[in-house]
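# Coordinates in review
Each chain, letter by letter, is given below.
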Protein chains: 2
Amino acid sequence: MPDSSSSLDSEQLSAYFALMDVAGLLKHAVEQQLREEGDLSYVQFQLLARLALNSPTGSERMTDLADGVVYSRSGLTYQAGLLEKAGLVSRAPSADDERSVTVTVTDAGREVIARVIPGHVEVLRQQLFSPLSGADTRRLRDLLVPVRDHMRAAPPRSAGPRRRR
Amino acid sequence: MPDSSSSLDSEQLSAYFALMDVAGLLKHAVEQQLREEGDLSYVQFQLLARLALNSPTGSERMTDLADGVVYSRSGLTYQAGLLEKAGLVSRAPSADDERSVTVTVTDAGREVIARVIPGHVEVLRQQLFSPLSGADTRRLRDLLVPVRDHMRAAPPRSAGPRRRR
DNA sequence: TATTGTTATACTCTATAACTATA
DNA sequence: TATAGTTATAGAGTATAACAATA
């Protein structure tokens, strides 16, 4: 039988490389825009955007932010420290659980996001969406969302003690 | 009129985030595998794979490698230096142009790639391809390849002097 | 005991600018 | 003068392990 378990067909290979190339080039372009217009790294943008746009209260626990955005907790402590020093978020002990820290976007943080979004969108339009029709975009989303869900549900196994939680 | 130039519709937004999330998670998983099984970073894998698999001679000029894989030349010099120190590539002045340096994969370099590929493929199967049918994979490739071509053809403008070449 | 978060530390990677050498 | 590559340097980001505090 063919070695269906030890190699990829050429369509899989080119899909893999195209995915990584597109994401890498796009991240590069987007990081430049964020740095120039808001003095933000991509991770900082992710954190701020998540708090400002995805959270009804503008707040989240450190652990939940780390799970959603970043990989190590110390990395998140570092980034949250930078954002706090810049006045874009505040940190305070959680009300219910004294161990937890609740991170909250400040008004200044919301302003930075608002300031940065138009240029960000412009980069996305030029780099990512200009060769895609509306239907293409929908298809792309429909293909990738299940992959993301699968990856989040099935973290890379066989790696030491269970990752967290 | 609607602000079609300053915002994205929700399908575009979720396609963007799904793309970045999938690529980020996948890169993370793949880097771990490459580090464990071949002591390679992702960039080093890209360089080695490009030389070993994509180049008939196993050689390329520094500049062409930098254009294809990495962004800054000094970054490539650094990575090529690491690979050379590990015995995975060799560097020599080009025959035709004394300014150029030709990088060549060594046998040891080819061995590392061969050793690392099966585990790499396994990660891709589990993380990326298991939720995708063959037709899905083809669609994904057909959507992303033109985007990559577009990005490569249209580098992020408005950024100082023309990038290179 | 397990969980939350921080700190200390060490390392990898990347980019900018100055420089050398060849075309 | 322009191009190819290296070097020096400096900064950003990340992760691991040890730690303190709370549940």
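Preceding this paragraph is the structure being described.
In this report, we go over the structure that sits alongside the text. (Residues numbered from 1 in each chain as written. Chains lettered and ligands numbered in written order. Predicted model: local features only at pLDDT ≥ 70, side-chain atom pairs only at ≥ 80, totals over all residues. Heavy atoms only, no water.)

## Regarding the protein's contact with DNA strand C
Spelled out, the test is: A single heavy atom is enough: if one lies within 4 Å of a molecule or strand, its residue is considered near that molecule or strand. Polar contacts, as counted here, are pairs of nitrogen or oxygen atoms within 3.5 Å of one another; within protein the pair requires one atom able to donate a hydrogen and one able to accept it, and residues that are adjacent in sequence qualify only if both atoms are side-chain atoms. Secondary structure elements are taken from DSSP: a helix is a run of H or I of four residues or more, a strand is a run of E of two residues or more, and numbering for both begins at the N terminus.
Close to DNA strand C lie 24 residues; T63(A), T77(A), S41(B), S74(B) and R99(B) are nearest. When atoms of DNA strand C within 4 Å of the protein are split into backbone and base, the sugar-phosphate part holds 73%. Between DNA strand C and R91(A) there is a distance of 2.9 Å, counted from a phosphate oxygen to a side-chain nitrogen or oxygen. R35(B) places a side-chain nitrogen or oxygen 3.3 Å from a phosphate oxygen of DNA strand C. In terms of residue count, the dominant contributor to the surface near DNA strand C is helix 4 (residues 73-85) of chain B (4 residues).

## Side note on the protein's contact with DNA strand D
Residues in contact with DNA strand D amount to 24 residues; listed here are only the nearest, S41(A), S74(A), R99(A), T63(B) and T77(B). A breakdown of the atoms of DNA strand D within 4 Å of the protein gives sugar and phosphate a share of 71%. M62(B) is positioned such that a nitrogen or oxygen atom in its backbone is 3.2 Å from a phosphate oxygen of DNA strand D. Put simply, the parts of the chain that give the surface near DNA strand D at least two residues each are helix 2 (42-54) and helix 4 (73-85) of chain A together with helix 3 (62-68) and helix 4 of chain B. The dominant element in the surface near DNA strand D, judged by the number of residues it contributes, is helix 4 of chain A, at 4 residues.

## A look at the interface of chain A and chain B
Under the convention used in this document: Whether two residues are in contact is decided by their heavy atoms: any pair within 4.5 Å suffices. Every case where a carboxyl oxygen of Asp or Glu lies within 4 Å of a side-chain nitrogen of Lys or Arg is listed as a salt bridge. As a working rule, the residues Ala, Val, Leu, Ile, Met, Phe, Trp, Tyr, Cys and Pro are called nonpolar, Asp, Glu, Lys and Arg charged, and the rest polar, with Gly in that last group.
Counting residues at the interface gives 60 residues for chain A, matched by 60 residues for chain B. On inspection of chain A and its partner chain B, the count reaches 6 salt bridges. Where chain A packs against chain B, one counts 15 residue pairs in polar contact (both at pLDDT 80 or more). When residues of the side of chain A that touches chain B are traced back to their parent elements, those giving at least two are helix 1 (10-38), helix 2, helix 5 (107-129) and helix 6 (134-153) of chain A. Sort the elements by how many residues they give to the side of chain A that touches chain B and helix 1 of chain A lands first, with 19 residues. The residue makeup of the side of chain A that touches chain B, split by class, is 32 nonpolar, 16 polar and 12 charged.

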